[in-house]
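For reference, the chains in residue letters:
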Amino acid sequence: MSEKVTLAIAGLGTVGGAVLRQLRDNADVIAARCGSRRIEVVAVSARDRNRDRGVSLDGLAWHQDALELVDVKDVDIVVELIGGQDGVAKALIEKALRAGKHVVTANKAACAHHGVAFAELAQTGDVQLRFEAAIAGGVPVVKSIKEALAGNRIRELRGILNGTCNYILTSMSQSRCSYDESLAEAQRLGYAEADPSLDVGGIDAAHKLALLSALAFRHRPAFDAVQVEGIEAVTQEDIGFAQEFGCEIRLLATARRHDNDEIEQWVRPALVPRDSLLAHVQSARNGISLRGDFGGNLFFAGDGAGGEATASAVVADIIDIVAGRCVFPLGAALSSLPECSALSPSKSRGCFYLRLHATDRAGSMAAITRELASAEISIEQIIQTAAPARDEEAKAHSGRLPVALLTHEACESVMRGVLDGLAKHRDIIASPLLLRMEAR
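The paragraphs below set out a description of the structure included in this document. (Residues numbered from 1 in each chain as written. Predicted model: local features only at pLDDT ≥ 70, side-chain atom pairs only at ≥ 80, totals over all residues. Heavy atoms only, no water.)

## Describing the sheet that holds strand E1 (residues 4–10)
Then, in step 1: An order of E3-E2-E1-E4-E5-E6 is seen for the six strands of this open sheet, with the pairing classed as parallel. Looking along the sheet, the strands with just one partner apiece sit at the ends: strand E3 (61–62) and strand E6 (129–130).
Then, in step 2: One ladder, built from four bridges, connects strand E4 (residues 77–80) with strand E5 (residues 102–105); its direction is parallel. Looking at the pairing, Val79 lines up with Val104 of E5. (Pairing = 2+ DSSP bridges. Helix = DSSP H or I, 4+ residues; strand = E, 2+ residues; numbered from the N terminus.)

Written out as structure tokens, the structure is:
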């Protein structure tokens, strides 16, 4: 690589514009980190050439077709910030790697679904593929797993990986707003898209977890092995019950290695104890905890999205490439990475939160506890309340007895069987909600 390193950037949205600004504003700092090599952006591509991005594009070659960036003479690194699982983003990454160009991307969906194919192209072409910005924005968790913790066997990771969901759940907890009200506020502030389904449905966090799990436990990414539930069914009532249990509700992404090397991966709303570090990750921030056999318990937190935080991770990847720091895309040679051995859902165990509405009559609670006892599920704590405080909620819940309980450790498949039975019981009104409860 020559003393001048040239870049082409595809995608000039919030992140792309911030990358350009950081490369220009911090050029002296960046050059020092790169052994005095100068980084120069020479070509860009985006949908709208005339949009005001708050940064000058003078002197940069403009290409309407992002794939043309690979053909620009002497381009060393292609930065993909278009996004999306397939389409132009996937094609650009593949073309650049085949052409012997290094690639930096923030695309978690493409890497989660096509990471093995990308890694094979990168290794074959002896080029770098880096995706720090794809997970947790400016929080350097990918680099930490690949490098700082490279000699550890990681047993477990848990994280809050989606800022939209975390903002909504934090708002519901602090402002006593409903889910719909909190989602509307997140959209107004720009934390949520007009169509928020990938975020609130847990898919965005699942893409990130599939990559983190692959890096942490040394297997090939397996998005289809991630059990995914969104936050749409969480109500203000659940927030209140969780607080009475001394907890907060967070969309939690969890991966665990079991003794037989089977990997458990899930994304779902879960109760976390109020005194845990994850409970203190609020608003649109992200947080990840890792447990290594020699590194011990580590915790990372910071801005998980936004132009500047994500650009910081993109530029860090660029600097590593320019400075000659080489790592395998998935943390180890692809030939050494097996397919993910996914834990069967029937083997998954944990403590659970169960919320339901029973008919307000004598004997209804006995029917609930009998159903649990027949499945040998032990109750740790139970709360039943009067009508909700809000008038409109009180009217909707007339004749209902809201009940929430925490169980001791149980098999998840057994719990779900009980849930199905309770949903059909004559004393249960509406659908019950089952959430995981993280260890106190």
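Continuing now.
## Some words on empty space enclosed by the protein
Then, in step 1: Going through the model one piece at a time under the given rule, you end up with one cavity of 30 Å³ or more.
Then, in step 2: Taken as a whole, the largest cavity holds about 40 Å³ of empty space.
Then, in step 3: As for the largest cavity, its lining consists of Arg130, Phe131, Glu132, Val142, Lys143, Lys146 and Asp317.
Then, in step 4: The greatest single-element share of the lining of the largest cavity, amounting to three residues, is contributed by helix H5 (residues 141–148).
Then, in step 5: Looking at side-chain class alone, the lining of the largest cavity contains two nonpolar, no polar and five charged residues. (1 Å grid on protein atoms, 1.4 Å probe; cavity = no way out; pocket = protein on both sides within 12 Å on 5 of 7 lines; lining within 4 Å. Points joined across faces, edges and corners; volume = space filled by probe spheres on them. Nonpolar A, V, L, I, M, F, W, Y, C, P; charged D, E, K, R; others polar.)

## Considering the side chain of Thr164
Then, in step 1: When you line up the elements, Thr164 lands in helix H6 (residues 163–175).
Then, in step 2: Among residues more than four places away in sequence, those in contact with Thr164 are Tyr191, Ala192 and Asp199. (Contact = heavy atoms within 4.5 Å.)

## Considerations on the pattern of salt bridges
Then, in step 1: Across all of its chains, the model carries 29 salt bridges by this definition.
Then, in step 2: A salt bridge links Arg38 to Glu40; its shortest N-O distance comes to 3.4 Å.
Then, in step 3: Glu40 gets classed as partly exposed once you look at its relative accessible area, which sits at 27%.
Then, in step 4: Measuring nitrogen to oxygen at the nearest pair gives 3.2 Å for the salt bridge that ties Arg130 to Asp320. Of this pair, Arg130 sits in strand E6 while Asp320 sits in helix H11 (residues 307–322), and the two are 190 residues apart along the sequence. (Salt bridge = Lys/Arg side-chain N within 4 Å of Asp/Glu carboxyl O. Buried < 20%, exposed > 50% of the residue type's maximum accessible area, 1.4 Å probe, protein only.)

## Details of the packing of aromatic side chains
Then, in step 1: Under the defined criterion, the tally for this structure stands at two aromatic pairs.
Then, in step 2: Ring geometry for Phe245 against Tyr353: centres 6.3 Å apart, planes inclined by 80°, an arrangement best described as edge-to-face. Taken as a pair, Phe245 in the loop between helix H10 (236–244) and strand E9 (247–257) and Tyr353 in strand E13 (residues 349–359) lie far apart in primary sequence, 108 residues in all. There is no split in this pair, since Phe245 and Tyr353 are both buried.
Then, in step 3: Between Lys146 and the ring centre of Phe131, over which it is positioned, the NZ or CZ distance is 4.9 Å.
Then, in step 4: Here the guanidinium or amino end of Arg268 rests over the ring plane of Trp266, the centre of that ring lying 4.9 Å away. (Phe/Tyr/Trp six-rings, centres within 6.5 Å; stacked < 30°, edge-to-face > 60°. Lys NZ or Arg CZ within 6 Å of the ring centre and 35° of its normal.)

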